[in-house]
Amino acid sequence: MLKITSAQINPTIGDIQGNIALMLHAARQARDEHAHMVVFPELSLTAYYPADLLDDAHFQTRLDEGLEQLKIANRETPNLLWVVGTPMRRQGPGKAFHNALLVLKNGKVVMEYFKQLLPTYNIFDERRHFEPGPDVVRVLRIADQQVGLMICEDGWNDDGRDYTVNPFQRLADASPDLVVTINASPSNVGKREQRHIVFGKACMRHKLPLLYVNQIGGHDQLVYDGASFAMDAAGHVVYEARRFAQDVTTLTFDSHSQSFTDSYGQALAPVLGAGLSTMEFYRQQIVLGLKDYARRCGFKTAVVGCSGGIDSALTLALATEALGAQNVVGITMPSKFSSEGSVSDSAILCKNLGIQLVEHPIRDIVAEFESGFENAFGTSLQGLPLENLQARVRGTTLMEYSNAFGHLLLTTGNKSEVSVGYCTLYGDTNGGLGLIGDLYKTEIFELCRHVNATAGREIIPDAIIEKPPSAELAPGQKDTDSLPPYEVLDEILKALIEGERLPESERHRSEKKMAQLRTEVTGKALIERIQKMIARNEYKRRQAPPVLRVRGRAFGSGRQVPIAAVQYA
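- As recorded by an unreviewed UniProt entry, the protein chain carries the name Glutamine-dependent NAD(+) synthetase and is attributed to Limnohabitans planktonicus II-D5.
- Quoted straight from UniProt, the Function (unreviewed entry) entry for the protein chain says "Catalyzes the ATP-dependent amidation of deamido-NAD to form NAD. Uses L-glutamine as a nitrogen source."
- For the record of the protein chain, the UniProt heading Catalytic activity (unreviewed entry) holds the text "deamido-NAD(+) + L-glutamine + ATP + H2O = L-glutamate + AMP + diphosphate + NAD(+) + H(+)".

### Regarding helix α2 (residues 57-74)
Next up, step 1: The terminal C-alpha atoms of α2 lie 26 Å apart, and with 18 residues this matches the ideal 26 Å at 1.5 Å per residue to within 8%.
Next up, step 2: Three or more residues of α2 are buried, namely Phe 59, Gln 60, Leu 63, Gly 66, Leu 67, Leu 70, Ala 73 and Asn 74. Down the axis of α2, the buried set is contained in an arc of 130°. They therefore lie on one face. Relative to its buried face, α2 has exposed residues pointing more than 90 degrees away, namely Ala 57 and His 58.
Next up, step 3: If you follow the buried residues of α2, they end up packed against α1 (16-32), β3 (81-89), β4 (97-105) and β5 (108-114).
Next up, step 4: A distance of 3.1 Å separates the backbone nitrogen of His 58 from a side-chain oxygen at the start of α2, and that oxygen is part of Asp 56.

### Things to note about the pairing of strand β13 (residues 237-240)
Next up, step 1: Looking at chain direction, strand β12 (residues 229-231) and β13 are connected through 3 bridges and run antiparallel. Opposite Met 231, over in β13, you have Val 237 as the bridge partner.
Next up, step 2: Connecting β12 to the antiparallel partner β13 that follows it, the hairpin turn spans 5 residues, and Gly 235 within it adopts a positive phi of roughly 85°.

### Brief notes about the UniProt feature "binding site: L-glutamine" (unreviewed entry) in the protein chain
Next up, step 1: UniProt feature "binding site: L-glutamine" (unreviewed entry): in the numbering of this structure it lies at Tyr 121, Ser 185 and Lys 191.
Next up, step 2: Following the sequence through the fold, Tyr 121 ends up in the loop between β5 and β6 (138-142).
Next up, step 3: Apart from residues no more than four positions distant in its own chain, Tyr 121 is found in contact with Glu 153, Tyr 163 and Arg 501.
Next up, step 4: With respect to the helices, strands and loops of the structure, Ser 185 is situated in the loop between β8 (178-182) and α4 (191-206).
Next up, step 5: Residue classification places Ser 185 among the buried residues on the basis of a relative accessible area of 3%.
Next up, step 6: Not counting the four nearest positions on each side in its chain, Ser 185 is found in contact with Lys 191, Arg 195, Tyr 212, Asn 214, Tyr 224 and Asp 225.

### Regarding the sheet that holds β3
Next up, step 1: Reading across the sheet, the 7 strands line up as β5-β4-β3-β2-β1-β14-β15 and stay open at both edges, with mixed pairing between neighbours. Of all strands in the sheet, those with a lone pairing partner are β5 and β15 (259-262), marking the two edges. Along the sheet, successive strands turn relative to each other by an average axial angle of 35°, direction set aside.
Next up, step 2: Summarising the sheet, β4 and β5 pair through 6 bridges and their orientation is antiparallel.

### Section: the environment of Thr 249
Next up, step 1: When you line up the elements, Thr 249 lands in strand β14 (residues 247-254).
Next up, step 2: Once the C-alpha coordinates of Thr 249 and Ser 6 are considered, the two residues, 243 residues apart in sequence, prove to be 5.4 Å apart.
Next up, step 3: Apart from residues lying up to four places away in sequence, Thr 249 is in contact with Ile 4, Thr 5, Ser 6 and Tyr 239.
Next up, step 4: At 2.6 Å, the side chain of Thr 249 and the side chain of Asp 247 are in polar contact.

### With respect to the nonpolar core
Next up, step 1: The biggest cluster of nonpolar side chains holds 46 residues, and the ones touching the most others in it are Leu 290, Leu 314, Leu 316, Leu 410, Leu 435 and Ile 460.
Next up, step 2: Every element with two or more residues in this core is listed here: α5 (278-297), β16 (302-305), α6 (310-323), α7 (340-353), β19 (408-411), α11 (441-455) and α12 (462-466).
Next up, step 3: If you count residues domain by domain, this core takes at least three from each of domain 1 (2-269) and domain 2 (280-542).
Next up, step 4: Among the nonpolar cores identified, the runner-up in size contains 42 residues, and Leu 140, Val 180, Leu 208 and Tyr 212 belong to it.

### Some words on the UniProt feature "active site" (unreviewed entry) in the protein chain
Next up, step 1: The positions UniProt marks with the feature "active site" (unreviewed entry) are Glu 42, Lys 115 and Cys 152. The largest pairwise C-alpha distance within this set of annotated residues, which runs over 111 residues, is 9.9 Å, so the set is compact in three dimensions.
Next up, step 2: Inspection of the secondary structure puts Glu 42 in the loop between β2 (37-39) and α2.
Next up, step 3: In this structure Glu 42 touches Tyr 48, Gly 85, Asn 99, Lys 115, Glu 126, Ile 151, Cys 152, Ile 182, Asn 183, Ala 184 and Gln 215, once residues within four positions along its chain are discounted.

### Thoughts on the pattern of salt bridges
Next up, step 1: Following the criterion strictly, the structure yields 35 salt bridges and no others.
Next up, step 2: A salt bridge links Arg 242 to Asp 247; the shortest N-O distance between them is 3.9 Å.
Next up, step 3: Assessed through its relative accessible area of 11%, Asp 247 is described here as buried.
Next up, step 4: A network of salt bridges, in which partner residues are shared, links Lys 415, Asp 438, Glu 443, Glu 491, Lys 494, Glu 498, Glu 506, Arg 509 and Arg 551.

About the cut-offs
- Residues numbered from 1 in each chain as written.
- Predicted model: local features only at pLDDT ≥ 70, side-chain atom pairs only at ≥ 80, totals over all residues.
- Heavy atoms only, no water.
- UniProt positions renumbered as here; feature names shortened; annotations may be inferred.
- Helix = DSSP H or I, 4+ residues; strand = E, 2+ residues; numbered from the N terminus.
- Expected span 1.5 Å × (residues − 1).
- Buried < 20%, exposed > 50% of the residue type's maximum accessible area, 1.4 Å probe, protein only.
- Arc of directions from axis to C-beta.
- Contact = heavy atoms within 4.5 Å.
- Polar contact = N/O pair within 3.5 Å; in protein donor to acceptor, adjacent residues only side chain to side chain.
- Pairing = 2+ DSSP bridges.
- Axes fitted to C-alpha atoms, helices over the stretch in contact; angles between N-to-C directions.
- Core = buried A, V, L, I, M, F, W, Y, C linked by side-chain atoms within 4.5 Å.
- Domains from an automatic or database assignment.
- Salt bridge = Lys/Arg side-chain N within 4 Å of Asp/Glu carboxyl O.

Here is the structure:
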């Protein structure tokens, strides 16, 4: 019998001392539960992904020192094997580091393995800093059992589609009793199920059981959901760690039956195949993402411009769940174009949430700007410049509050609006983080209803959910004055921005809508117009705050498009 501890931890990028402390805490639990081995996530020493910190000489020194301190910590748990991930210096031509897996025992490195397949697509950029490892297999004998080791992407190519090398096949040829893979797999909608499918097929094909250990936590745009798992040789998930939470669990593996039990040898609880609903996944992903972003950037409080609209309402609800009602402030800033509901609906929302609402009218400030502009330039402000002025006065006011009181300003743009530039630079794009910037407008409505249903009461007032979306920057303004209905716009955007990265059900619906539009002259024109709006507004997105990623392709690191380019002639 092999006792192995899955240490699903939440390391912080660059906090080498803190990450070692997390590992030591988990290793002590593994020791107390008489485990033979404790397994940590990919790059657990630095957290995933340190990026250009790896180019910094001071960071490199800290990394070298951290490796030595890790060995010292390992001595605290005699004879317990630690499987850890770390950048590892290398010599010779090529990049300066390997993405390494080290096995430590009694303060010494007893085995090392270097990641062979380095993802450089979507949000990943590992070839920027790492050199691929050699085509070798690493198998470790523990408690009379053979354990094969690999790192994340090395297990994703068993169908041979993406790389010419297949480390999983090579490892299977060595006939281990168990495969252990360390991972830093960021989550998006459908990712958990995708992992199960990919590794389930590989386990079934090679008749090998597997333990998959992932990290959790929010790191800038990316959120890692954990959901570490164990599979039997038939590709069935027999154990799953908690999602969006640290989880250190000891399992018992029997190579004769190729099965897992708990640390006492008792049967494990069944794993539900369905997992979280899409809306619940969004909620938990965003809440954890904000918690960790605020904590790691030194913020305890947040401020949101409260317009009485659905986007700011959802942002406030999620921020309140993440940080606590006492740490969130809403500011309503009515102008002469604001509806009565802008303030009254904001007041009801903030009362429901239990947060402070401050009213700061901007009518007089905007009027002063108008007067000054006309005096200086001999013409009045009207149309788009006047609309944008209001947004920028609000954005400036919110930044003043953030500077004065130390609150993190959360921007409230959704993916539909940000895609087509329906936002104002240095206005409603101001802020340090966007919570809902990877959610389409139709999903905003759905998630608001989910928040209410989950709470069992009306947190976000129905009046906010049901009112027609409007920026309220001009008399009687509605979003549909300049945009198609969101039910149409979102399907076009999904096809143009995410395409094959869409979940299957969404892709079919989006493709069907696009095919229908292309049969109509007005439909073709609409698609072309949206394409040009997406391209023309890349400069806005480049200057906007990072948004928490929840979907397969988010703006930011996952979509790198030149600003000065001819995309549609």
